[in-house]
Amino acid sequence: MTWISLRLGRRIGRLVLLGIAAYFVLFAPSARRASRQYLKRVLGRDANWADGFRHVHCFASTIHDRIYLLNDRSDLFDIRVHGIEHVDAVLAQGHGAFLMGAHFGSFEVLRALARQQGGIPVSLLMYADNARKINAALHAINPAAAHDIIPLGQVGSMLHLHERLDAGAVVGILADRSLHDDTTATLPFLGEPAPWPRGPLRIAALLRRPVIFMAGVYHGGNRYDVHFLPLADFSACTRGERAAAIDAALARYVAQLQAHCHAAPYNWFNFYDFWQGPAAEAAGPKEL
């Protein structure tokens, strides 16, 4: 797909993508079931095959577009930004910040936007092993992008994170999945209680940094809308206030994600039974 996409163009690549999406709808039954469960909740009706295909194709499209975004071909896309003033205000303080996203839409459009504008360092805090095949392919496209990844679970990860923040970087983390052995809070999501990890916000609170909610919404074709909204500021949070502040920020995070899921339902890409928690996540398809 990388060879086809870079040599024959995005239009031809997207034609091949139709077949790839159809394959996974037909031959990935666990992901298909999870997709239907989620779509039924967010759409308020039973999801049909067309809904399932659209869901998988939306996910595949955002992965495919990473090929071009990593190659600094943001000129191929119509990227509209909302709320960038919130990021500017936080970065003006010079202490760095966290961007809390989800497995929703595309995080790559943010990094492409930062490279395009120049001067805004963006890193991603993640367990790199969770998407080894995708990351290996994308690393081959642009090896420099690997320097933007802060791998969790390694010696020195937190020191590396602290250094990036002190340098004024924004660090993104997808906060709708657990950070291994993480404590969770049960909050309603799309009409049903769901377990939400506290870990991502706990990291921000421990490091006493501001947090901004971020969503890169894919609208089909070449259109993306990037949204930023203040979520929490732990800069002056005392140890005694930390637990309550984390739970309040988590509730705001879930509310924001739910609103975006209703507005763009095919953009959420957790292809396992999210409402069953970490056990279902561990059993789910790793590359999704």
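This section reports on the structure supplied with the text. Here the structure is a predicted model, which means the values were calculated and not measured.

**Points about the overall build of the protein**
No. 1: Across its full length, the protein holds 11 helices and nine strands.
No. 2: Among the 288 residues that make up the protein, the fraction classed as buried is 50%.
No. 3: A fraction of 72% describes how many contacts in the protein between residues 6 or more apart in sequence connect residues 24 or more apart.
No. 4: Summed over its atoms, the accessible surface of the protein is roughly 13,300 Å², and 57% of this surface lies on carbon and sulfur atoms.

**Details of the pairing of strand β5 (residues 170-174)**
No. 1: Taking burial as the measure, the five residues of β5 include four buried ones, the bulk of the element.
No. 2: Summarising the sheet, strand β2 (residues 97-101) and β5 pair through five bridges and their orientation is parallel. Bridging from a neighbouring strand, methionine 100 pairs with isoleucine 173 of β5.
No. 3: Of the pairings in the sheet, the one linking strand β3 (residues 122-126) to β5 comprises three bridges and is parallel in character. What sits directly across from valine 122, in β5, is valine 170.

**Brief notes about the environment of histidine 262**
No. 1: Relative to the helices and strands, histidine 262 resides in helix α10 (residues 242-263).
No. 2: In the structure, histidine 262 is positioned 72 residues away from leucine 190 in sequence and 8.7 Å away in space, judged by C-alpha atoms.
No. 3: When residues no more than four places from it in sequence are discounted, the contact partners of histidine 262 are Val42 and Leu190.

**Structural notes on the nonpolar core**
No. 1: Counting 83 residues, the largest nonpolar core has Met100, Phe189, Trp196, Phe234, Tyr253 and Leu257 as its most contacted members.
No. 2: Residues within four places of phenylalanine 234 in sequence aside, it is in contact with Leu201, Ala204, Ala205, Arg208, Arg209, Pro210, Val211, Ala245, Ile246 and Ala249.

**Observations concerning a nonpolar patch on the surface**
No. 1: Taken together, Met1, Trp3, Leu8, Ile12, Leu15, Val16 and Leu18 make up a surface patch of nonpolar side chains, about 630 Å² in accessible area.
No. 2: Mapped onto the nonpolar patch, the elements with two or more residues apiece are α1 (2-8) and α2 (10-27).
No. 3: With four residues, the top contributor of residues to the nonpolar patch is α2.

**Examining the side chain of serine 106**
No. 1: For serine 106, the position within the fold is in the loop between β2 and α6 (108-117).
No. 2: We classify serine 106 as buried; its relative accessible area is 5%.
No. 3: Only 3.4 Å separates the side chain of serine 106 from the backbone nitrogen of valine 109, close enough to count as a polar contact.
No. 4: Sequence-distant contacts of serine 106, defined by excluding residues within four places in its chain, comprise Thr62, Met214, Gly216 and Tyr224.

**Topic: the packing of aromatic side chains**
No. 1: All told, the structure shown has 19 aromatic pairs when counted by the stated rule.
No. 2: Seen in terms of ring centroids, tyrosine 38 and tryptophan 268 are 4.9 Å apart; in terms of plane orientation they differ by 50°. Their pairing is tilted. Taken together, the positions of tyrosine 38 in helix α3 (residues 29-43) and tryptophan 268 in the loop between α10 and α11 (278-283) put the pair 230 residues apart, joining distant regions of the chain.
No. 3: These aromatic residues form a ring-pair network of at least three members: Tyr38, Phe189, Trp196, Phe213, Tyr253, Trp268, Tyr272, Phe274 and Trp275.
No. 4: For the cation-ring pair, arginine 36 lies above tryptophan 49, with the distance from its terminal atom to the ring centre recorded as 4.8 Å.
No. 5: The lysine or arginine in question, arginine 41, covers the ring of tryptophan 275, its NZ or CZ lying 3.9 Å from the ring centre.

**Some details on the sheet that holds strand β9 (residues 223-233)**
No. 1: If you trace the seven strands from one edge of the open sheet to the other, you get β1-β9-β8-β2-β5-β3-β4, paired in mixed fashion. Both outer strands of the open sheet, β1 (78-82) and β4 (149-151), are each paired with one neighbouring strand and no more. Strand-to-strand twist across the sheet, computed as the mean angle between neighbouring axes with direction ignored, equals 30°.
No. 2: Note: β1 against β9, five bridges, orientation parallel. Residue pairing across strands places valine 81 opposite valine 226, the latter belonging to β9.
No. 3: Against the sheet, helix α8 (residues 157-166) makes contact with β2, β3, β4 and β5, and its axis sits at roughly 150° relative to β4, the strand it touches most.

Parameters and conventions
Residues numbered from 1 in each chain as written. Predicted model: local features only at pLDDT ≥ 70, side-chain atom pairs only at ≥ 80, totals over all residues. Heavy atoms only, no water. Helix = DSSP H or I, 4+ residues; strand = E, 2+ residues; numbered from the N terminus. Buried < 20%, exposed > 50% of the residue type's maximum accessible area, 1.4 Å probe, protein only. Contact = heavy atoms within 4.5 Å. Areas by Shrake-Rupley, 256 points an atom, 1.4 Å probe, with all protein chains shown as cover. Pairing = 2+ DSSP bridges. Core = buried A, V, L, I, M, F, W, Y, C linked by side-chain atoms within 4.5 Å. Patch = residues over 30% accessible without salt bridge, like charges linked within 9 Å, V, L, I, M, F, W, Y side chains within 5 Å. Salt bridge = Lys/Arg side-chain N within 4 Å of Asp/Glu carboxyl O. Polar contact = N/O pair within 3.5 Å; in protein donor to acceptor, adjacent residues only side chain to side chain. Phe/Tyr/Trp six-rings, centres within 6.5 Å; stacked < 30°, edge-to-face > 60°. Lys NZ or Arg CZ within 6 Å of the ring centre and 35° of its normal. Axes fitted to C-alpha atoms, helices over the stretch in contact; angles between N-to-C directions.

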